[in-house]
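# Structural description and commentary
Spelled out, the chains give:
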Amino acid sequence: MSACDCGPWIKLSMCGIGSFNGATGELESVQCPSRFCMTMAPLVDGKIGDHYGITDMLSPLPCPWIGVRVVNDVDDFTPDDSASVPLPQEQRP
């Protein structure tokens, strides 16, 4: 069973940005996908952890995204080989 088969999940690219540990390469936090939080949320065991943002200032309700697993879809991204793209006519030597 893969990581994304276990309960609700979201892709890292859907969060916008993420923060990685420089030593381990592990994803440590993501921008909360809730437009009412607008804050970086820690990841606990790969899931969005407790965090404080605009939602907490306006309402005592916890963010609905807490507990959602984040799958790092950036690892699967393979960029195109930009060296094979021809230069425009005006930039050729």
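Everything here concerns the structure above.
Summary of the structure given here. (Residues numbered from 1 in each chain as written. Predicted model: local features only at pLDDT ≥ 70, side-chain atom pairs only at ≥ 80, totals over all residues. Heavy atoms only, no water.)

Tallied over the entire structure, the rule returns 0 disulfides. Cysteine C37 remains unbridged, with the sulfur of C63 as its closest cysteine sulfur at 3.6 Å. In this structure C37 comes out as buried when scored by relative accessible area, which is 2%. (Disulfide = S-S within 2.5 Å. Buried < 20%, exposed > 50% of the residue type's maximum accessible area, 1.4 Å probe, protein only.)

Another point: the nonpolar core. The nonpolar side chains of soluble globular proteins are, as a tendency, buried together. Formed by 13 residues in total, the largest nonpolar core has its most connected members in L27, V30, L43, I48 and V70. Of all the elements in the fold, those that place two or more residues in this core are α1 (12-15), β3 (27-31) and β4 (40-44). When near neighbours in sequence (up to four residues on either side) are disregarded, V30 contacts L12, C15, I17, G18, T39, M40, A41, L43, I48 and V70. (Core = buried A, V, L, I, M, F, W, Y, C linked by side-chain atoms within 4.5 Å. Helix = DSSP H or I, 4+ residues; strand = E, 2+ residues; numbered from the N terminus. Contact = heavy atoms within 4.5 Å.)

Before going further, it helps to spend a moment on the pairing of β3. Relative to β3, strand β2 (residues 18-20) runs antiparallel, the two sharing 3 bridges. Considered in β3, the bridge of F20 is made with L27. Adjacent in sequence and paired antiparallel, β2 and β3 are bridged by 6 residues, among which G25 carries a positive phi angle near 80 degrees. (Pairing = 2+ DSSP bridges.)

A word on the pairing of β4. The pairing of β3 with β4 spans 3 bridges and is antiparallel. What sits directly across from S29, in β4, is P42. Relative to strand β5 (residues 47-48), β4 is paired through 2 bridges, and the arrangement is antiparallel. Paired with L43 across the two strands is I48, which belongs to β5.

A word on the environment of A41. Structurally, A41 can be placed in strand β4. Classification of A41 by relative accessible area gives buried; the value is 0%. Separated by 12 residues in the primary sequence, A41 and S29 have C-alpha atoms spaced 5.4 Å apart. Leaving out residues up to four positions away in the same chain, A41 has contacts with E28, S29, V30, C32, I48, G49 and H51.

Function-wise, these values are silent; they only describe arrangement.
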